[in-house]
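Here is how the chains run, residue by residue.
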Amino acid sequence: MTKAKKIQAIRGMHDSLPAETALWQHVEDVVKRVLSRYGYSEIRLPIVEQSQLFKRAIGEMTDVVEKEMYSFDDRNGESLTLRPEGTAGCIRAGIEHGLLYNQQQRLWYIGPMFRHERPQKGRYRQFHQLGAEVFGLFGPDIDAELIMLTARCWRELGIADHVELELNSIGSLQERARYRDALVAFLEIHKNKLDEDCQRRMYFNPLRVLDSKNPNIQQLLHDAPVLSEYLDEKSKQHFAGLCAFLDQTNIKYKVNPRLVRGLDYYNHTVFEWITKNLGAQGTICAGGRYDELVEQLGGQATPGIGFSMGLERLILLVQAINPNFTAAKMIDVYLIASGEGTQSAAMQLAEDLRNKIPSLKLMTHHGGGKIARQFSRAEQCGARFALVLGSNELSTRKVTLKNLAIGEQETVQQADIAVRLAKLLT
Ligand code: ATP
Ligand code: MG
């Protein structure tokens, strides 16, 4: 038979191999624990939604909807999309299940997101976000709480000194409309200096020009009108309120008057946590308020605010700061069986030990082979102890316990091994 051609993963979509998943689990556990300490509950949402949901929520003229969505027709002809972000689906579910009207909700979600972008370090086509959303609260106090919660995550992950918070207020829809006119007038004067992307965005989505990564454009924008000058008293007060809460809790931030977000639904507060350690893809967490979005998606008017962390980038950063991260040893004990009838006895002993010591991580050898080979398996697994059940041990109801780190071994009655192991492992 000719050798079959290998099938590879899709470009920009990655496997997380066992060597990496320990770090993923650690990072996820830390963030989930912080969320539960603030009283947030998990919501689990489908990965596929109607395309219309994202078009309406994110905005037809955004990069995400214009060119990054994985959309396809279902067998009944309905257009579906692999979710590019989590907020839209969360609101869809909230409206559908009556979670939002006249209530407060503090929710979080985790999972894969899909955007057809150019893959590079920190930018993938399938990536993972952990996000939180709060509904039903207008004040800047909840904006501050969400930021405090993320700051706590960075402290607990040991990366607090390597991230900076940038904040801005992008005001209300009406304020942005006024600003938009002024910005377009400015851009028109400098039209010949704009790159192709910005020329295209100039009329459809001029605020996105502010977000351009092109240094020449950033230079030009120094003289552009500033959004904060178009905000009314109410917006200014909200922003000042948020800054005051952050000052009180000693959270440092930089007001970046050019910070806008790539999705259309944001208003008032927007923020990003940025690191210099990862090159161009430096935003590890981004969020903001979206007080109109619930209504826009057919629900009763309900204010909302949320953030989303890019887990790949967060993990790259944790790795960069702490390259020697090693998760807790995968297993405590490797159980070796050699000789007639020992496999079944070993498996019974293993079950008995797991019953008696619930925290025990024990791997039983399968597949037979020489004792020496079984020992090298135990070493490869990083086990602290090997337990050996050979023909001798089987007939004398004993078991040999070897400490693999120091090489010492002892023989213990099978009846006593659970107590002995429990003592050694604490
Ligand atoms: P970027 O500035 O990198 O394009 P964005 O503004 O499109 O990000 P959001 O939609 O706000 O990002 O998503 C929140 C977070 O999700 C980002 O800050 C980032 O950490 C992560 N993220 C977004 N797109 C990707 C991607 N293609 N690959 C990996 N992570 C991503
Ligand atoms: Mg993007």
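In the annotation of an unreviewed UniProt entry, the entry for the chain reads Histidine--tRNA ligase, and the organism field reads Candidatus Regiella insecticola LSR1. Looking at the chain in UniProt, the text filed under Sequence similarities (unreviewed entry) is "Belongs to the class-II aminoacyl-tRNA synthetase family." The record in UniProt for the chain states the following under Catalytic activity (unreviewed entry): "tRNA(His) + L-histidine + ATP = L-histidyl-tRNA(His) + AMP + diphosphate + H(+)".

Participant: Outline the overall build of the chain, listing residues and values.
Facilitator: Within the chain, the regular secondary structure consists of 15 helices and 16 strands. For a compact globule of 426 residues, the expected C-alpha radius of gyration is about 22 Å, and the chain comes in at 28 Å, more than 25% above that figure. Each of the three principal axes of the chain carries a C-alpha extent, and together these read 90 × 65 × 45 Å. Going through the 426 residues of the chain one by one, you find that 49% of them count as buried. For the chain, long-range pairs separated by at least 24 residues make up 70% of all intrachain contacts whose partners lie at least 6 apart in sequence. Summed over its atoms, the accessible surface of the chain is roughly 22,000 Å², and 50% of this surface lies on carbon and sulfur atoms. The positive charge centre, built from 53 side chains, and the negative charge centre, built from 51, are 7 Å apart in the chain.

Participant: Lay out the pairing of strand E16 (residues 409-413) with the relevant residues and their values.
Facilitator: For strand E15 (residues 398-403) and E16, the ladder comprises five bridges, and the chain directions are antiparallel. Each bridged residue has a counterpart across the sheet, and for Leu 401 the counterpart in E16 is Glu 410. Hairpin connection of E15 to E16: five residues between the antiparallel strands, including Gly 407 at a positive phi of 80°.

Participant: Provide a residue-level description of the packing of helix H6 (residues 173-189) against helix H7 (residues 196-204), including the pertinent values.
Facilitator: As a packed pair, H6 and H7 sit with axes 10 Å apart at the nearest point and diverge in direction by 145°. Here H6 and H7 pass one another in a crossing that is left-handed. Mapping the contact onto sequence places Arg 180, Val 184, Leu 187 and Glu 188 in H6 and Met 202, Tyr 203 and Phe 204 in H7. Among the residues forming the contact of H6 with H7, the class breakdown is five nonpolar, no polar and two charged.

Participant: Would you mind going over the site of ligand 1 in detail, with residue names and values included?
Facilitator: Looking at ligand 1, there are 14 residues lining it, with Arg 115, Glu 117, Arg 261, Thr 283 and Arg 313 nearest. The side chain of Glu 117 places a nitrogen or oxygen atom 2.7 Å from a nitrogen atom of ligand 1. For ligand 1, an oxygen atom lies 3.0 Å from a polar atom in the side chain of Gln 129. Compared with its free state, where it exposes 580 Å², ligand 1 has 91% of that area covered by protein. Looking at the shell around ligand 1, the elements that each hand over two or more residues are strand E6 (126-135), strand E10 (283-289) and strand E11 (304-310). Here the residues of the shell around ligand 1 are counted per class, giving four nonpolar, five polar and five charged.

Participant: Describe the domain arrangement of the chain, with residues and values.
Facilitator: Domain parsing of the chain yields domain 1 (18-172 + 232-321) and domain 2 (333-425). The C-alpha centroid of domain 2 is placed 48 Å from the C-alpha centroid of domain 1.

Participant: Let's hear about the UniProt feature "binding site: L-histidine" (unreviewed entry) in the chain: which residues, and what values?
Facilitator: The sites that UniProt annotates as "binding site: L-histidine" (unreviewed entry) are Glu 85, Gly 86, Thr 87, Arg 115, Gln 129, Glu 133, Arg 261, Tyr 265 and Tyr 266. Residue placement: Glu 85 occurs in the loop between strand E4 (79-82) and helix H4 (87-96). For Glu 85, a relative accessible area of 3% puts it in the buried group. Leaving out residues up to four positions away in the same chain, Glu 85 has contacts with Phe 54, Ile 58, Met 113, Arg 115, Gln 129, Leu 263 and Tyr 265. A distance of 2.8 Å separates a polar atom in the side chain of Glu 85 from the backbone nitrogen of Ala 88. Tracing the sequence through the fold places Gly 86 in the loop between E4 and H4. Excluding anything up to four places from it in sequence, Gly 86 contacts Leu 45, Tyr 109, Met 113 and Gln 129.

Participant: Break down the environment of Arg 384 for me, with residues and values.
Facilitator: Tracing the backbone through its elements, the reader meets Arg 384 in the loop between helix H13 (371-380) and strand E14 (385-390). Sequence separation between Arg 384 and Asn 403 is 19 residues; the distance between their C-alpha atoms is 6.3 Å.

Participant: Help me get a handle on the sheet that holds strand E2 (residues 48-50), residues and values and all.
Facilitator: Strands in a sheet are paired, the pairing made by backbone hydrogen bonds, and the direction either parallel or antiparallel. Taking strand neighbours across the sheet as the criterion, the three strands line up as E2-E4-E3 in an open arrangement whose pairing is antiparallel. Here the strands that pair on one side only, and so sit at the sheet edges, are E2 and strand E3 (70-73). Sheet twist, expressed as the mean angle between neighbouring strand axes with direction ignored, is 35°. The pairing of E2 with E4 spans three bridges and is antiparallel. Counterpart to Gln 50 in the pairing with E4 is Leu 80. Strands in contact with helix H2 (residues 51-58) are E2, E3 and E4; relative to E2, the strand with the most contacts, it is inclined by about 75°.

Participant: An account of the packing of aromatic side chains is needed here, citing residue identities and associated values.
Facilitator: One pass over the structure, following the stated rule, counts five aromatic pairs. Between the aromatic rings of Tyr 265 and Tyr 290, the centroid separation amounts to 5.8 Å while the plane-to-plane angle is 75°, which identifies the pairing as edge-to-face. Taken together, the positions of Tyr 265 in the loop between strand E8 (254-255) and strand E9 (267-274) and Tyr 290 in the loop between E10 and helix H10 (293-296) put the pair 25 residues apart, joining distant regions of the chain. Considered together, Tyr 265 and Tyr 290 belong to a single accessibility category, that of buried residues. Here the aromatic cluster, defined as three or more aromatic residues joined through ring pairs, consists of Phe 135, Tyr 265, Tyr 266 and Tyr 290. Positioned above the aromatic ring of Phe 375 is the side chain of Lys 402, whose terminal nitrogen or guanidinium carbon lies 5.0 Å from the ring centre.

Participant: Describe in detail the environment of Leu 207, supporting the description with residues and values.
Facilitator: Within the secondary structure, Leu 207 is located in the loop between H7 and helix H8 (215-221). If near-sequence neighbours (up to four positions away) are discounted, Leu 207 is found in contact with Arg 176, Tyr 179, Arg 180, Leu 183 and Val 260.

Participant: I'd like to hear about the nonpolar core, residue by residue, with values.
Facilitator: Considering soluble globular proteins, one finds that nonpolar side chains tend to be buried as a cluster. Ranked by size, the top nonpolar core spans 46 residues in total, and within it Ile 91, Phe 135, Leu 187 and Tyr 265 carry the most contacts. When residues no more than four places from it in sequence are discounted, the contact partners of Leu 187 are Leu 194, Met 202, Pro 206, Val 209 and Leu 221. Among the nonpolar cores identified, the runner-up in size contains 45 residues, and Trp 24, Leu 146, Phe 271 and Leu 278 belong to it.

Cut-offs applied
- Residues numbered from 1 in each chain as written.
- Chains lettered and ligands numbered in written order.
- Predicted model: local features only at pLDDT ≥ 70, side-chain atom pairs only at ≥ 80, totals over all residues.
- Heavy atoms only, no water.
- UniProt positions renumbered as here; feature names shortened; annotations may be inferred.
- Helix = DSSP H or I, 4+ residues; strand = E, 2+ residues; numbered from the N terminus.
- Rg over C-alpha atoms; globule rule 2.2 N^0.38 Å.
- Buried < 20%, exposed > 50% of the residue type's maximum accessible area, 1.4 Å probe, protein only.
- Contact = heavy atoms within 4.5 Å.
- Areas by Shrake-Rupley, 256 points an atom, 1.4 Å probe, with all protein chains shown as cover.
- Lys, Arg positive; Asp, Glu negative; His and termini not counted.
- Charge placed at Lys NZ, Arg CZ, Asp CG, Glu CD.
- Pairing = 2+ DSSP bridges.
- Axes fitted to C-alpha atoms, helices over the stretch in contact; angles between N-to-C directions.
- Left-handed = near helix turned anticlockwise from the far one by under 90°.
- Nonpolar A, V, L, I, M, F, W, Y, C, P; charged D, E, K, R; others polar.
- Near = heavy atom within 4 Å.
- Polar contact = N/O pair within 3.5 Å; in protein donor to acceptor, adjacent residues only side chain to side chain.
- Domains from an automatic or database assignment.
- Phe/Tyr/Trp six-rings, centres within 6.5 Å; stacked < 30°, edge-to-face > 60°.
- Lys NZ or Arg CZ within 6 Å of the ring centre and 35° of its normal.
- Core = buried A, V, L, I, M, F, W, Y, C linked by side-chain atoms within 4.5 Å.

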